[in-house]
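Observations on the model geometry
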Amino acid sequence: MGGFTKIRAEQGEKQKALEERDMAVFQEVLPEAVSKANAAEDAVEKAVITSEMISAGGDDLDEVRQAVQEAQKAMGEARIFLNAKQASARRHLERAGAPQKNEELGEPKQQGNVIAFGIPQVRALKADPKLTATSCGYVAEEYTLSSASVDSFIPGLVYLPGFLTVAEEQELLAAIEAATWDGDNKSRRTQQYGYGFHWRHRHSNALVKLEPPRDAMPACSEAILERLVRDGHLASSAFDQCIVNDYTGGQGIKAHRDREFFGEAVVGFSLRDRAIMDFRCIRSGEVRAVLLEPRSVLILTKDARWSWQHAITPAPTLLWRGSTLPRGHRTSLTFRSIADWGVVAEA
Ligand SMILES: O=C(O)CCC(=O)C(=O)O
Ligand SMILES: [Fe+2]
């Protein structure tokens, strides 16, 4: 190697080492940065609730509300930014073959049917080339579902790919796009119909009847719900509440079980691009993943409704059965009935 080439090579090595060190430092501070952003976002949210509780507002209150909304938007953006940086730091370290924080370069750690994150993805895929990434870790193909569900997958889970027509999807999207966004629900956008629900109110006043035009369900959803009844997938097409969740840039929803004051069946329509919904059994910790395709319908009843938590995997791309799939923009509609009317605020 000539002198000049050698220097260049050495500089390159040095640069690479510096970059790796930066990435490692970055990865160290990111969890704290993310948790700070979350805490700040929570504080903003509390301010929103307080401002809502101060009854009938004059001009000042409107200004406060607007300021709070802007702060909220900024927090949401900060969070998306940090999530993206965290993912890119992780990818960089994987490419560099560096061990992840708190992990030796050992065997993949398996807990129940889940392989914990923390080993580089390439290494995990070497052990099993058909892995799927969920919000809890990787799972093998046998724990994933992409075609019409069988009851043994999760009792009470019904997955119906392609149930909505393209025309129905278009009609729903047109109605949603013409409506305003609530912007009160963490970083993803939401709209509510029928009854408004605030996830912070656990019992009394958890739901309020919405004013027209939000008192009715979005366009054409009733016809789809009736078709689900006609086809024997659903006992009743009567739902009281619909929430629209809009996910972009790798956004997700944390693992949760829908509130107990909602009824037995929870129905979800998936519009636009696909996403992975993962399920975690509350008792055993077992994990399953479902690929929610555009125009699919998902119904949760029985165990799927009560004994398993569900989440939308937050990630800029999907790892599904060993393939990396692009992740775009997904809009979902979730329909719920009210089972306990005691939580509804007085008019
Ligand atoms: O986007 C989805 O399909 C899930 C939404 C959800 O779980 C909820 O709003 O409770
Ligand atoms: Fe949910």
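Everything here concerns the structure above.
Please read all numbers here as calculations on a predicted model, not as lab measurements. (Residues numbered from 1 in each chain as written. Chains lettered and ligands numbered in written order. Predicted model: local features only at pLDDT ≥ 70, side-chain atom pairs only at ≥ 80, totals over all residues. Heavy atoms only, no water.)

Turning our eyes to something else, we now look at the sheet that holds strand 12 (residues 262–272). Here we have six strands laid out as an open sheet, ordered 6-15-12-19-10-7, and antiparallel in their pairing. In the strand order of this sheet, the two ends are held by strand 6 (157–160) and strand 7 (189–193), each with one partner. Strand-to-strand twist of the sheet, defined as the mean angle between neighbouring strand axes without regard to direction, takes the value 15 degrees. Where strand 10 (residues 241–247) lies against strand 19 (residues 330–338), seven bridges are found, and the strand directions are antiparallel. Residue Y247 lies in a different strand from strand 19, and its bridge partner there is R330. Across the face of the sheet, helix 4 (residues 166–178) comes into contact with strand 7, strand 10, strand 12 and strand 19 while running at roughly 95 degrees to strand 12. Packing against the sheet, helix 5 (residues 221–230) makes contact with strand 6, strand 12, strand 15 (297–300) and strand 19, and its axis sits at approximately 115 degrees to strand 12. (Pairing = 2+ DSSP bridges. Helix = DSSP H or I, 4+ residues; strand = E, 2+ residues; numbered from the N terminus. Axes fitted to C-alpha atoms, helices over the stretch in contact; angles between N-to-C directions. Contact = heavy atoms within 4.5 Å.)

What follows is about the packing of aromatic side chains. Enumeration over the complete set of coordinates arrives at seven aromatic pairs. A ring pair is formed by F269 and F335, whose centres lie 4.8 Å apart and whose planes are at 50 degrees; its orientation type is tilted. One end of the pair, F269, is in strand 12; the other, F335, is in strand 19, with 66 residues separating them in the sequence. Residue F269 shares its accessibility class with F335, and that shared class is buried. Chaining the aromatic ring pairs together yields one cluster made of F197, F261 and F262. (Phe/Tyr/Trp six-rings, centres within 6.5 Å; stacked < 30°, edge-to-face > 60°. Buried < 20%, exposed > 50% of the residue type's maximum accessible area, 1.4 Å probe, protein only.)

This paragraph deals with helix 4. Here helix 4 contains 13 residues, and its C-alpha end-to-end distance of 18 Å stays within 8% of the 18 Å for a straight helix at 1.5 Å per residue. Listed in full, the buried residues belonging to helix 4 are E168, E169, L172, L173 and I176. Here the buried residues of helix 4 occupy an arc of 130 degrees about the axis, which is enough to place them on one side. Projecting away from the buried face of helix 4 at angles above 90 degrees are the exposed residues A167, E177 and A178. Summarising the contacts, the buried residues of helix 4 are in contact with strand 7, helix 5, strand 10, strand 12 and strand 19. (Expected span 1.5 Å × (residues − 1). Arc of directions from axis to C-beta.)

Okay, the site of ligand 1 next. Neighbouring ligand 1 are 13 residues, the closest being Y247, H256, H310, R330 and S332. For ligand 1, whose unbound accessible area comes to 300 Å², protein coverage reaches 93%. Residue assignment for the shell around ligand 1 shows that the elements contributing at least two residues are strand 10, strand 11 (253–256), strand 16 (308–312) and strand 19. With four residues, the top contributor of residues to the shell around ligand 1 is strand 19. (Near = heavy atom within 4 Å. Areas by Shrake-Rupley, 256 points an atom, 1.4 Å probe, with all protein chains shown as cover.)

Turning our eyes to something else, we now look at the coordination of the iron ion (ligand 2). Of the protein atoms, only H256 (NE2), D258 (OD) and H310 (NE2) coordinate the iron ion (ligand 2), at distances of 2.1 Å. In the primary sequence, the donor residues of the iron ion (ligand 2) line up as H-x1-D-x51-H. Here H310 lies in strand 16 and H256 lies in strand 11, a separation of 54 residues in the sequence. By relative accessible area, H256 is classed as partly exposed at 23%. (Donors = N, O, S within 2.8 Å, 3.2 Å for Na, K, Ca; no water.)

Before going further, it helps to spend a moment on the pattern of salt bridges. Evaluated as defined, the whole model comprises 10 salt bridges. In this structure, E169 and R295 form a salt bridge, with 2.9 Å as the shortest nitrogen-oxygen distance. Placement of E169 in helix 4 and of R295 in the loop between strand 14 (287–292) and strand 15 is noted, with a sequence separation of 126 residues between them. Overall, the relative accessible area of 6% leaves E169 in the buried class. R295 sits in the partly exposed class, given a relative accessible area of 26%. Residue E177 pairs with R272 through a salt bridge whose shortest N-O separation is 2.2 Å. Of this pair, E177 sits in helix 4 while R272 sits in strand 12; the two residues are 95 residues apart in sequence, bridging distant segments of the chain. (Salt bridge = Lys/Arg side-chain N within 4 Å of Asp/Glu carboxyl O.)

Turning next to the sheet that holds strand 16. Reading across the sheet, the five strands line up as 5-14-13-16-11 and stay open at both edges, with mixed pairing between neighbours. On the outer flanks of this sheet lie strand 5 (144–145) and strand 11, each paired with one strand and no other.

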